[in-house]
Amino acid sequence: FLAQEILVGYSSYPTPEIGRNAKRFRQLGLGYANLGALLMARGLPYDSDEGRAYAAAITALMTGRAYRKSAEVARRMGAHVGYAENRAAMVGVIAKHRAAVGNIDHTESVPDDLLAAARRAWEEALEIGEVHGFRNAQATVLAPTGTISFMMDCDTTGVEPDFSLVKSKKLVGGGEITIVNKTVPMALDKLGYAPGEVSEIVAFIDEKNTVVGAPHIKPEHLPVFDCAIGDRAIHYMGHVKMMGAVQPFISGAISKTVNLPETVSVDEVSGLLLDSWKLGVKAIAIYRDN
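Below or above, wherever it landed, is the structure these notes cover. (Residues numbered from 1 in each chain as written. Predicted model: local features only at pLDDT ≥ 70, side-chain atom pairs only at ≥ 80, totals over all residues. Heavy atoms only, no water.)

**Details of the packing of aromatic side chains**
No. 1: Going through the model one piece at a time under the given rule, you end up with three aromatic pairs.
No. 2: On the numbers, 5.9 Å between centres and 45 degrees between planes, the contact of Tyr 67 with Trp 122 is tilted. You can see Tyr 67 sitting in helix H4 (residues 49-77) and its partner Trp 122 sitting in helix H6 (residues 112-132), a full 55 residues away along the chain. Each member of the pair, Tyr 67 together with Trp 122, is buried.
No. 3: Cluster of aromatic residues (ring-pair linked, three or more members): Tyr 67, Tyr 83, Trp 122 and Phe 134. (Phe/Tyr/Trp six-rings, centres within 6.5 Å; stacked < 30°, edge-to-face > 60°. Helix = DSSP H or I, 4+ residues; strand = E, 2+ residues; numbered from the N terminus. Buried < 20%, exposed > 50% of the residue type's maximum accessible area, 1.4 Å probe, protein only.)

Set out below in structure tokens:
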């Protein structure tokens, strides 16, 4: 976060107006990748109350610590230029973020120290910020992360679940590589499978591109391995609910794919948009390939 803050003054911008706005408000975009893989490794289904609670706590900690750092930099360097005229509103927003930590449901899946750290981060951000202000008007967004995630050896991108347990990716120079999810063995171990059983299940996935029908796998564990596509694709509302769970702890919006079947109706799309609004999601777009 500090590295991003330093870069504001050294960066070039597409237009003079954007440059002036960036230096006046110093909006940053800290985010994360590999969340879907983390949940799988913990043995938590992406589309579950427990998975959403864990994701919310991680996001709360990230943004709380970001704003705490922003307040610490403001103590040394001064708040952003636009802070004085927006002080009451910004302090109010930070207070709402802090209050949202207490509204995370189903926290039995969240380690106590993680939840406590998230609460403490927001308490400290508000305490320091009320006195010294904040260096940055915004702190976090959730970007797609895309190819850079694979360069970082991640199994999943941004806030997404895994696309599929076995993936093929075309290379710019030609050819194709197969990417096999490396998180599956960790998840199976977490769920209590013996090493020999893990090996057989992984071999089955490598061959069949699915966990359905794999030896030893218990039916109740199948949701842990649900992906964006495939024979156990996550329902589109599972994507929207995840966005709703983490949005209270993100300064900006979320870039995320919400997969809808080709047979979806106009009423279902309308319902999805309404549900997104009810969940507090800041932005959602529907794309249809004709």
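**What to know about the pairing of strand E1 (residues 166-170)**
Across a regular strand the side chains alternate sides, sitting on one face of the sheet and then on the other.
No. 1: The pairing of E1 with strand E2 (residues 176-180) spans five bridges and is antiparallel. Bridge pairing links Val 166 to Val 180 in E2.
No. 2: The turn joining E1 and E2, which pair antiparallel and follow one another in sequence, is formed by five residues; a positive phi near 105 degrees is taken by Gly 174. (Pairing = 2+ DSSP bridges.)

**Here's the deal with the nonpolar core**
No. 1: One finds Tyr 67, Leu 142, Val 159, Met 242, Val 246 and Phe 249 to be the most contacted residues of the largest nonpolar core, which totals 50 residues.
No. 2: When residues of this core are traced back to their parent elements, those giving at least two are helix H3 (35-41), H4, helix H5 (87-101), H6 and helix H10 (236-246).
No. 3: The biggest single contributor to this core is H4, with 10 residues.
No. 4: Setting aside residues up to four positions removed in sequence, Val 159 forms contacts with Tyr 32, Leu 35, Tyr 46, Leu 142, Met 242, Val 246, Ile 254 and Lys 256.
No. 5: The next biggest cluster of nonpolar side chains, apart from the first, holds 18 residues, and it includes Met 40, Leu 165, Phe 204 and Ile 205. (Core = buried A, V, L, I, M, F, W, Y, C linked by side-chain atoms within 4.5 Å. Contact = heavy atoms within 4.5 Å.)

**Brief notes about H4**
No. 1: Taking 1.5 Å as the rise per residue, H4 with 29 residues should run 42 Å; its terminal C-alpha atoms sit 41 Å apart, in good agreement.
No. 2: Backbone geometry just downstream of H4 places Gly 78 in the positive-phi region, at approximately 100 degrees. (Expected span 1.5 Å × (residues − 1).)

**With respect to the packing of H5 against H6**
No. 1: Viewed as axis vectors pointing N to C, H5 and H6 meet at an angle of 165 degrees, and their least axial separation amounts to 9 Å. In terms of orientation, H5 lies roughly antiparallel with respect to H6. In this structure, H5 meets H6 at a crossing whose hand is left-handed. Along its contact with H5, which presents Arg 87, Val 91, Ile 94, Ala 95, His 97, Arg 98 and Val 101, the element H6 presents Ala 118, Arg 119, Trp 122, Glu 123, Leu 126 and Glu 130.
No. 2: When its residues are assigned to classes, the contact of H5 with H6 shows seven nonpolar, one polar and five charged. (Axes fitted to C-alpha atoms, helices over the stretch in contact; angles between N-to-C directions. Parallel < 35°, antiparallel > 145°, perpendicular 65-115°, else oblique. Left-handed = near helix turned anticlockwise from the far one by under 90°. Nonpolar A, V, L, I, M, F, W, Y, C, P; charged D, E, K, R; others polar.)

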